[in-house]
Amino acid sequence: MTPQSNIVIHAPIRPGARGDLEKLLESMNLPAYPGMADPNNDLVPFGTFGVVHFARFVIVDDNTLKDFALVGLPVPEYPITLAFLCDFDGSANEFMTDLVDNAKAAAGLRKIFAHCLGFEPGSDLLVWMKQHRIRPAAPYVNWIGRTVLQVHKEAELRAALQNELTQYVKDHPNAGDDIRGVRNHLVRFAHENPNLLPVSAPTPIGWWICNWLHFAIIPVLLAVPWLFAVDDLIVRPWLLTFVVAPFGLLAIVVFIWLTCIATATFALLIALGLMLIPFFILYPLWLIPLLAVTVIFAVLLRWYEKTEPEAIARQTAEHDNALADLEDHDVTNQFTVVGSVKPSTFRLVLFVVIMWATNYGARHIYNRGYLTRIQTIHFAHWIFINDKRRMLFVSNYDGSRHAYMDDFINKVGWGLNFVFGSGVGYPRTRWIIFDGAKNELRFKDSNRNHQIATQVWYRAYPGLTAFDLARNTRVRKGLQRRWMRKAKIRAWLREV
Amino acid sequence: VRDRCSFPRSIIATSRGWCVDPAKAREWIGGNIGNVTTAAPNRKARCALHLAFTCEGLRKLGVSDKVLGDFSLEFTGGMVDPNRSRRLGDVEANDPKNWQWGVPGKSYPDVVILVYAAKEEFDAWDAKVKGGLWGTAFREIYSLSTVRTDDLEPFGFVDGVSQPTLDWDRSKPVKAQNTTEYTNLSALGEFLLGYPNEYGRYTDRPLLDAGDKRARVLPLAEDVPGKRDFGRNGTYLVLRDLRQDVSGFKTFVDDRSDHDQEKAHVLASAMAGRVPADQHIIPPWPKEPPLVKEPPWPKGTPPWHAPGAVDNPKWVIPPGAPVMPLCRNAIDGVGPKLKDAWLDQFTFENDPDGTACPFGGHIRRANPRNADLPEGTRGWIGRLLRTLGFASRHAHDDLLSSTRFHRILRRGRAYLAEEDKEASHERGLRFIALNASLSRQFEFVQTSWIVNSKFEGVDEDDPLIGGRTKLMTGARVDKFTRPQDSGLECRVHDLPQFVTVRGGAYFFMPGLSALRYIADL
């Protein structure tokens, strides 16, 4: 498995250079499709690398800073910046070296970054990029390990199987009577054309270890309290039998059950969480500091949520149209928003913790095609900029923007509140996850107001939605399985 | 709005006008307020009148820019806009530049009047409504006649079946969240401005200061104290003329069924999701549906067996019914008439593979009949797991948005344009829809469901009304897939375009008090 990485290069633009930069970026796009990059454009030919999933150049100019004035706060000033984002297979260092080694891309990037402060004709491109690289607070990848090559191969495979199946059904009018025969035929067909099947590379061992260590943070935290209990349990083994063991059994059952319907990582966290119950039964005094912290947090949270001013301007037709020009050309769309973090230490700390949790969830739990109930996001990144005073959020999603917003409000309104509730101009939330986005119209206004134009947007697989990618993978996996029940074969054939 | 059966024999003429003399126009409106049909049920009514205005029209009538600015962006921007056209599928053959009316700068209307009456009374009613002033106040751009078709649209399907029932008593819980059952009962605010919608909130609409003298005719806003509600009891009206290539459709269905009548009906039924109004078909599901034994209706012969086959029942789907087994349990807002249950008491929950009603079937696209959470989600643990994205039972589980936020009230009226010299015998449908949010309702249904070539994971657009616009990659979408129980593919290729958009605009249909306000300006 080849994991995906990203680079985010963020640098202020030279004063007065914005107009030229916009023109230059526009030259990268397909003539008939505003904002859609030509895969083989003259500046950064993303298509030639074969590993780039999504890429974009964005001029970050927040038009909602004036919202501060609406609520009586001083309007902060930030320089206008350029952000270059790229999602790709393999490690960031390798990819950046590849970018610099590609003569065309290197020249193109130099041309673009020449509009940024601190980039001089003599600057070393690689060094400069590394200096200006920031790491997203929370990156989301729809399916960790699915490479660009795999996506293309699986799409080809499904198309080939579809053709073959059509032909086979034409030649064998009674094919429906022998469904296993149909599958065997397709399996044989795939074996005769081995170039249709993607080859997966071994998982880099370093990445694998880091990933597991990162995952282990929470399980270890949940298990640590038991270290204090070891002595007691040795002295009084009946505690183990009558208090710990029943819960242990329950935890095992829950773990197995959840592994079947959710992910194993999630199941483990829940099972370990359950095991805290017997711990607190044995040591109820430990609850006191915990409750105290919770109460203080709750009081603070509600105080902030109730007193923070809320001012949301209505979106304007002009802004809406300028953004709409860049949307709905393909089945997938880009989305870039920038906003300010609410100006209080409490909010900043809360936001950082929430981002850490989001990162953890995206990395270890939601890495198989769905982010809670949303299956339409390919890649998304939450990026702190300007010393964590602002947040840049980028996403690549299927369908039209309205569908994206409505989907979010109805399916994961709580999640939106969770990850954006600390932003200035977000509809008022209650207990972090309630209300907020459920104020539909204000949420949509806030959202559109914070959205900025994505000057250049590249995607490696136009015409394919995240559902298509997952379905194509299912088709391929069905082909590689040794045995299937007849009902499964039928379901599989329907997806071909 | 209230009763769709009030005018079984009505014909309607829809006139679109340019307002040429605002003062006279206001006078004409003032004189007609008494004629405008209200929501009060009136079974004896034999005629009806509705007035609706585009943003331009309201501006010409003297409504201030400040008031207009409070309308939604979709309304003030209008239906014709390159970005909107791209989303709505109004490109290529549907491009507004080919439209008969609705083209900005050329044939963009200010007002539409919808005049309905029983056939023999129509001329008198029309004359009464228009009166002497009409001719001086407005210039008619286009008069759109309709024909009486007994609720059939020109392809031969029953039209206007799936209609939301309005919660007039506001009995629905204001903040229903995470519903697990499809409901056909819609909050009033989904269709009328000034009332709470499905989110329990009031949709934005113009609110005037209560101190404004002219605004005194307007009711007070329920949600904002000290404001008068210009939108109260008003709604947005979407009007689109859809030309239907009837002979093209019949020929296509016939050709692709090897000229076998029975097969042709099955194909046509699959495309629409409903059986043509004059046919029976054998159900595509293998076993007899369980509800046949326990029909949801108490008495009467269930229409599930073919005429003349009582001794040897051959289960069939009756005319106009969906190609889906009906639900055992009643659905909120469906019925109480027996016929409504036959036509409307179903969801697609039992058909996750699309083997009964194909994913691409028109009625499935137009109203996927789901709830906030997949049906069958039980218990708080179940809900919690589902909310977190787990315990999904089918790959399609979370693909579609919850339908209760995306309903429209439709009133299709068929037309037969014999008088049109360019295209003799042009037939089609005047699509009329009402909704309180153009973007969340009409535009969402059209964009994300009807013309979306990735709806529920398919690679095709709507088999009946799709424009066959290729993807940006050049991939074709002129296909129609019917998933089969056997698993073997059943795909029809090279679907021609059957429906072409010929005109359209967004209107605001004011309530009576707003009409009074306009007339007094």
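Remember, it's a predicted structure, so these values are computed and weren't measured experimentally. Once a new chain begins, its residue numbering starts again from 1 and follows that chain's sequence as written. All chains are assigned letters beginning at A, and all ligands numbers beginning at 1, according to the order in which they are written. A pLDDT threshold of at least 70 governs which residues receive local features in this predicted model, and a stricter bar of 80 or more applies before side-chain atom pairs are shown or counted, although totals over entire chains, interfaces and linings include all residues. Only heavy atoms go into the side-chain values, all of them from the structure, while hydrogens and water stay out.

Draft legend 1. Structural detail: the overall build of chain A. A helix here means a DSSP run of H or I that spans at least four residues, while a strand means a run of E at least two residues long, and both kinds are numbered starting from the N terminus. On a plain count of helices and strands, chain A comes out with 19 helices and 11 strands. Only C-alpha atoms enter the radius of gyration, while the globule expectation follows 2.2 Å times N to the 0.38, with N the number of residues. Since a compact globule built from 496 residues should have a radius of gyration of about 23 Å, the 26 Å found for chain A is in line with a globular shape. With respect to the three principal axes, the spread of C-alpha positions in chain A is 75 × 75 × 45 Å. Each residue is placed in one exposure class: buried if its accessible area under a 1.4 Å probe, protein chains only, is under 20% of its type's maximum, exposed if it is over 50%, and partly exposed if it falls in between. Taking all 496 residues of chain A together, the buried fraction comes to 56%. Considering only contacts within chain A whose residues lie at least 6 apart along the sequence, 79% involve residues at least 24 apart. When the accessible surface of chain A is totalled, it reaches about 21900 Å², and 65% of it is carbon and sulfur. Computed over 50 positive and 43 negative side-chain charges, the inter-centroid distance for chain A is 7 Å. Whether two residues are in contact is decided by their heavy atoms, any of which lying within 4.5 Å being enough. Where accessible areas are quoted, they stem from the Shrake-Rupley method and a 1.4 Å probe; at the residue level, only the protein chains shown are allowed to cover. Counted as positive: Lys and Arg. Counted as negative: Asp and Glu, with His and the chain ends omitted from the count. Here the site of a charge means NZ on Lys, CZ on Arg, CG on Asp, or CD on Glu.

Draft legend 2. Broad picture of the packing of aromatic side chains. Between 30 and 60 degrees the pair is tilted, below 30 it is stacked and above 60 it is edge-to-face, where a pair is any two Phe, Tyr or Trp rings, Trp via its six-membered ring, whose centres lie within 6.5 Å. Taken as a whole, this structure holds 60 aromatic pairs over all chains when the rule is applied. For the pair B:Phe155 and B:Phe498, a centre-to-centre distance of 6.4 Å together with 80° between the ring planes defines the contact as edge-to-face. With a gap of 343 residues between them, B:Phe155 in the loop between β4 (138-145) and β5 (165-166) and B:Phe498 in the loop between β14 (491-492) and β15 (499-509) connect regions that are remote in the sequence. Looking at B:Phe155, the relative accessible area reads 4%, which means it is buried. Three or more aromatic residues joined by ring pairs form one cluster here, namely A:Phe46, A:Phe57, A:Phe84, A:Phe113, A:Phe119, A:Trp128 and A:Tyr458. Consider the ring centre and the ring normal. A charge sits over the ring if Lys NZ or Arg CZ is within 6 Å of that centre and within 35 degrees of that normal. Across from the ring centre of A:Trp431, 5.4 Å away, lies the NZ or CZ of A:Arg302, which sits over that ring. A cation over a ring is seen here: B:Arg369 above B:Phe346, with NZ or CZ 3.8 Å from the ring centre.

Draft legend 3. Focus on helix α10 (residues 237-261) of chain A. Any helix carries an expected span of 1.5 Å times its number of residues minus one. In a regular helix each residue adds 1.5 Å, so 25 residues correspond to 36 Å; α10(A) covers 35 Å between its end C-alpha atoms and thus fits that length. One fitted axis covers the seven residues ending at a residue, a second covers the seven starting there, and the bend at that residue is the angle between these axes. At A:Val244, α10(A) shows its maximal kink, close to 45°; a proline, A:Pro246, follows between one and four residues later. Within α10(A), the full set of buried residues consists of A:Leu239, A:Val243, A:Val244, A:Gly248, A:Ala251, A:Val254 and A:Leu258. Buried-residue contacts for α10(A) involve α9 (225-235), α11 (264-274) and α12 (276-282) of chain A together with α12 (379-387) of chain B.

Draft legend 4. Representation of unusual backbone geometry in the model. Residues and elements named next belong to chain A. Here Asp387, not a glycine, exhibits a phi torsion of approximately 50°, which is positive. Tracing the backbone through its elements, the reader meets Asp387 in the loop between β7 (377-385) and β8 (390-398). Phi at Lys388 is positive, roughly 65°, even though this residue is not glycine. Within the element layout of this structure, Lys388 appears in the loop between β7 and β8.

Draft legend 5. Layout of the sheet that holds strand β3 (residues 81-89) of chain A. Residue and element names in this part refer to chain A. Two strands form a pair only when DSSP identifies at least two bridges running between them. The 5 strands lie next to each other as β4-β1-β3-β2-β11, forming an open sheet whose pairing is antiparallel. In the strand order of this sheet, the two ends are held by β4 (133-134) and β11 (456-459), each with one partner. Sheet topology places strand β2 (residues 52-60) next to β3; 8 bridges connect them, and they run antiparallel. The residue bridging Arg56 from the neighbouring strand is Leu85, located in β3. Sitting on the sheet, helix α4 (residues 103-113) is in contact with β1 (4-12), β2 and β3, with an inclination near 155° to β3. For helices, the fitted line uses only the C-alpha atoms of the stretch in contact; every axis is such a line through C-alpha atoms, and the angle between N-to-C directions lies from 0 to 180 degrees.

Draft legend 6. The arrangement of the confidence of the model for chain B in detail. Residue and element names in this part refer to chain B. The quantity known as pLDDT measures the predictor's confidence residue by residue, on a range of 0 to 100. Averaged over all residues, the pLDDT of chain B is 85; the fraction at 70 or higher stands at 88%. Low pLDDT, under 50, characterises residues 1-11; the stretch is placed with 37 contacts to residues that sit more than four places away or in other chains. Below pLDDT 50 for its whole length, residues 288-313 participates in 42 contacts with residues either more than four positions away or in separate chains. What the predictor reports for the complex is a pTM of 0.94 with an ipTM of 0.94.

Draft legend 7. View of the sheet that holds β8(A). Residues and elements named next belong to chain A. Pairing is antiparallel in the open sheet, where 4 strands are placed in the order β5-β7-β8-β6. Here the strands that pair on one side only, and so sit at the sheet edges, are β5 (138-141) and β6 (332-340). Going across the sheet, the axis of each strand differs from the next one's by a mean of 10°, ignoring polarity. Of the pairings in the sheet, the one linking β7 to β8 comprises 8 bridges and is antiparallel in character. Among the inter-strand pairings, Ala380 is bridged to a residue of β8, identified as Ser395. Relative to the sheet, helix α15 (residues 345-364) contacts β5, β7 and β8, its axis offset from that of β5 by approximately 25°. Sitting on the sheet, helix α16 (residues 401-420) touches β6, β7 and β8, and the angle it makes with β8 is about 140°.

Draft legend 8. Inspection of the side chain of B:Arg87 at higher detail. Position of B:Arg87 among the secondary structure elements: in helix α5 (residues 82-88). The exposure class assigned to B:Arg87 is buried, which follows from its relative accessible area of 15%.

Draft legend 9. View of the interface of chain B and chain A. Listed as interface residues are 55 residues of chain B and, on the opposing side, 64 residues of chain A. When two components associate, each loses some accessible surface as probed by a 1.4 Å sphere; the sum of these losses over both components is called the buried area. Across the interface of chain B and chain A, roughly 4900 Å² is buried in total on both sides, 54% from carbon and sulfur atoms. On the chain B side of the contact with chain A, B:Phe390, B:Met472 and B:Leu488 bury the most area, a combined 15% of that side's loss. Salt bridges are defined by distance alone: a side-chain nitrogen of Lys or Arg within 4 Å of a carboxyl oxygen of Asp or Glu. At the junction of chain B with chain A, the criterion picks out 7 salt bridges.

Draft legend 10. Local environment of the confidence of the model for chain A. Summing up the model confidence of chain A, the mean pLDDT is 94 and the portion of residues at 70 or higher is 100%. By mean pLDDT, helix α2 (residues 67-70) of chain A is the weakest element of chain A at 86, and β2(A) is the strongest at 98.

Draft legend 11. View of empty space enclosed by the protein. All names here are of chain A. Here a cavity is any set of points on a 1 Å grid over the protein atoms alone where a 1.4 Å probe fits but cannot get out, and a pocket is any open set with protein on both sides within 12 Å along at least 5 of 7 lines; a residue lines the site when it has an atom within 4 Å of a point. Grid points are joined across faces, edges and corners, and a volume is the space filled by probe spheres set on the points. Enumeration according to the criterion identifies 4 cavities of 30 Å³ or more in this entry. A volume near 60 Å³ is recorded for the largest cavity. Contributing to the lining of the largest cavity are His53, Val141, Asn142, Trp143, Arg146, Val151, His378, Phe379, Tyr461 and Leu469. Its residues placed into classes, the lining of the largest cavity shows 6 nonpolar, 3 polar and 1 charged. In this count, Pro and Cys sit with the nonpolar residues alongside Ala, Val, Leu, Ile, Met, Phe, Trp and Tyr, while Asp, Glu, Lys and Arg are called charged and the others, Gly among them, polar.

Draft legend 12. Local environment of the packing of helix α6 (residues 148-171) of chain A against helix α7 (residues 179-192) of chain A. All names here are of chain A. Contact geometry for α6 and α7: axes closest at 10 Å, N-to-C directions at 135°. Classed by the angle they form, the pair α6 and α7 counts as oblique. For the crossing formed where α6 meets α7, the hand is right-handed. Across the interface between the two elements, Ala160, Leu161, Glu164, Leu165 and Tyr168 from α6 touch Gly181, Val182, His185, Leu186 and Phe189 from α7. Taken together, the residues of the contact of α6 with α7 sort by class into 7 nonpolar, 2 polar and 1 charged. Relative orientations are named as follows: roughly parallel for angles under 35 degrees, roughly antiparallel for angles over 145 degrees, roughly perpendicular for angles from 65 to 115 degrees, and oblique for any other angle. By definition, any crossing whose near helix is turned counterclockwise from its far helix by less than a right angle is left-handed, and any crossing with a clockwise turn is right-handed.

Draft legend 13. Layout of α15(A). Compared with the 28 Å implied by 1.5 Å per residue over 20 residues, the 29 Å span of α15(A) between its first and last C-alpha is a close match. Turning to α15(A), its buried residues number three or more, namely A:Phe346, A:Arg347, A:Leu350, A:Phe351, A:Ile354, A:Met355, A:Thr358, A:Asn359, A:Tyr360, A:Gly361, A:Ala362 and A:His364.

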